[in-house]
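Now for the letters of each chain:
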Amino acid sequence: MQNTGNLTSLAERIRAKTEQDAQEIESLTRQQFESLSRSLSASSKTALSTTDNAIRNSIAELEKDITSRCQSLEAMFNRKYLYSILLSAGILLLTMFTSWGLIALCRYQITDLQQEIAGLKAQKEIWDRDFPLIQRAFSGLELYQSQGKNYLLLPEGRTAIMAGTVGKREALEIVRK
């Protein structure tokens with residue numbers, strides 16, 4: 001029985017030793033796992049930090065590029081808009097001066113025509129007052145007095161033909177020669 005006791009104690013020692021080895025292996029495994037976890041975490045943080053920096057640098061370069069392009073476009077559009085505004089203002093001023101000139105010319109012509117109409121009205125009044133009805137009916141017909149006698153002068157290119165009588169009065173027809 002002593003052998004059984006020895007075997008039991010040996011088995012207990014082996015079990016104890018196995019448990020102790022298992023605990024040491026578990027402890028070592030945990031340490032390795034924690035070390036690996038820390039190492040992976042540090043590597044991940046480094047990789048993420050590098051990626052983050054690369055992305056930030058790319059974004060900063062992109063912002064600079066976009067800003068530069070926007071400024072050049074703004075300068076180009078500002079020049080074109082300025083040219084367009086100046087051209088439009090010039091056309092507007094030219095149109096205004098042309099319109100003013102045309103209006104002034106029309107006023108001058110209207111005044112001139114009004115004066116001409118007034119002159120013609122005055123001539124018509126003089127004509128109506130000074131010329132007998134026969135002279136108005138036959139333009140170019142003139143009265144002529146010589147040696148105390150009265151004559152009726154016909155316009156050049158016209159002749160008088162005896163047309164008969166109207167009532168007791170003689171009628172003459174004035175025709176072209």
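The sections below set out a description of the structure shown in this document. Keep in mind the model is a prediction, meaning the values are calculated, not measured. One numbering rule holds for all chains: residues counted from 1, following each sequence as written. Totals for whole chains, interfaces and linings use every residue, but because this is a predicted model, local features are given only for residues with pLDDT of at least 70 and side-chain atom pairs only at 80 or more, for both listing and counting. Working from all heavy atoms in the structure, the side-chain values ignore hydrogens and water.

### As for a nonpolar patch on the surface
A cluster of nonpolar side chains, contributed by Leu73, Met76, Phe77, Tyr81 and Ile85, occupies part of the molecular surface with about 500 Å² of accessible area. Structurally, phenylalanine 77 is set in helix α1 (residues 2-130). Patch building starts from residues that exceed 30% relative accessible area and form no salt bridge, then joins like charges within 9 Å and nonpolar side chains (Val, Leu, Ile, Met, Phe, Trp, Tyr) within 5 Å. Reported accessibility uses the Shrake-Rupley method at a 1.4 Å probe radius. Residues are deemed covered only where the shown protein chains occlude them. Salt bridge criterion: a side-chain nitrogen from Lys or Arg within 4 Å of a carboxyl oxygen from Asp or Glu. Helical segments are the DSSP runs of H or I of at least four residues, strand segments are the runs of E of at least two, and each set is numbered from the N terminus.

### Thoughts on the pairing of strand β3 (residues 158-166)
Examined bridge by bridge, β3 and strand β4 (residues 169-176) share eight bridges and lie antiparallel to one another. Counterpart to valine 166 in the pairing with β4 is arginine 169. In this analysis, strands are considered paired if DSSP registers two or more bridges between them. Linking two consecutive strands that pair antiparallel, namely β3 and β4, is a turn of two residues; a positive phi of about 65° is found at glycine 167 within it.

### As for the pattern of salt bridges
Scanning the entire structure with this criterion turns up four salt bridges. Here arginine 30 ties to glutamate 26 by a salt bridge, and the two come within 2.9 Å at their closest N and O atoms. Taken together, the positions of arginine 30 and glutamate 26, both in helix α1 and four residues apart, correspond to about one turn of that helix. Exposure classes here rest on a 1.4 Å probe applied to the protein chains alone. A residue is buried below 20% of its type maximum, exposed above 50%, and partly exposed in between. Look at glutamate 26 and you get partly exposed, because its relative accessible area is 39%. Linking aspartate 65 and arginine 69 is a salt bridge whose minimum nitrogen-to-oxygen distance equals 3.4 Å. A residue pair is termed a helical-turn pair when its members lie 3 or 4 positions apart in one helix, as aspartate 65 and arginine 69 do in helix α1 at four residues. Aspartate 65 sits in the partly exposed class, given a relative accessible area of 33%. Overall, the relative accessible area of 54% leaves arginine 69 in the exposed class.

### As for unusual backbone geometry
For glutamine 147, which is not glycine, the phi torsion reads 55° and is therefore positive. Relative to the elements of secondary structure, glutamine 147 occurs in the loop between β1 (142-146) and β2 (149-153).

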